[in-house]
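# Survey of secondary and tertiary structure
The primary structure of each chain is shown beneath.
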Amino acid sequence: MMMVAGILVLAVGTFSLRLAGPLLRTRFELPERAQQVMAAAAIVLLAALVATAALTDGHGDAGIARPAGVLVGGVLAWRKAPFVLIVVAAAATAAGLRLLGVP
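None of these values were measured; they are calculated from a predicted model. (Residues numbered from 1 in each chain as written. Predicted model: local features only at pLDDT ≥ 70, side-chain atom pairs only at ≥ 80, totals over all residues. Heavy atoms only, no water.)

## A word on the overall build of the protein
For the protein, the count of helices and strands is four helices and two strands. Counting from the amino terminus, the protein carries its helices and strands in the arrangement α-α-β-β-α-α. Relative to the globule expectation of 13 Å for 103 residues, the C-alpha radius of gyration of the protein, 21 Å, shows a markedly less compact shape. Going through the 103 residues of the protein one by one, you find that 11% of them count as buried. Taking as baseline every contact in the protein between residues at least 6 positions apart, the subset at least 24 positions apart corresponds to 37%. Averaging the locations of the 8 positively and 4 negatively charged side chains of the protein gives two centres separated by 7 Å. (Helix = DSSP H or I, 4+ residues; strand = E, 2+ residues; numbered from the N terminus. Rg over C-alpha atoms; globule rule 2.2 N^0.38 Å. Buried < 20%, exposed > 50% of the residue type's maximum accessible area, 1.4 Å probe, protein only. Contact = heavy atoms within 4.5 Å. Lys, Arg positive; Asp, Glu negative; His and termini not counted. Charge placed at Lys NZ, Arg CZ, Asp CG, Glu CD.)

## Concerning a nonpolar patch on the surface
A cluster of nonpolar side chains, namely F15, L19, L23, L24 and F28, defines an oily patch on the protein surface of about 530 Å² accessible area. As for its position among the elements, F15 is in helix α1 (residues 2-24). For F15, a relative accessible area of 56% puts it in the exposed group. (Patch = residues over 30% accessible without salt bridge, like charges linked within 9 Å, V, L, I, M, F, W, Y side chains within 5 Å. Areas by Shrake-Rupley, 256 points an atom, 1.4 Å probe, with all protein chains shown as cover. Salt bridge = Lys/Arg side-chain N within 4 Å of Asp/Glu carboxyl O.)

## Some remarks on the confidence of the model for the protein
Looking at the protein as a whole, its pLDDT mean stands at 93, while 100% of the residues score no less than 70. Within the protein, the element-level pLDDT minimum falls on strand β2 (residues 60-61), averaging 85, and the maximum on helix α4 (residues 83-99), averaging 96. (pLDDT = per-residue confidence, 0-100.)

## Here we look at unusual backbone geometry
The phi dihedral of K80 falls on the positive side, at around 65°, and the residue is not glycine. Along the chain, K80 falls in the loop between α3 (65-78) and α4.

Here is the structure:
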């Protein structure tokens, strides 16, 4: 019962915080510099997530095939290729390298 109560409290708190953003947005004005920092922080957080997922596998490193696939996908995304092509090329790169015996 205690776990259910904890889950409910966390659910209400999460919902309240998510609801507070749109409701209070018109009452507060963030300085331009703060908005720029928040935009940059989102990009840095996404880059850290991609790096962690690409370079690690559990508690060890992911080898070379996965980061190579992510690199191919990143270059294609930068060149504004279609999303399906990005996914297929990244997967084919990683699979091809693994087929050749590259970890």
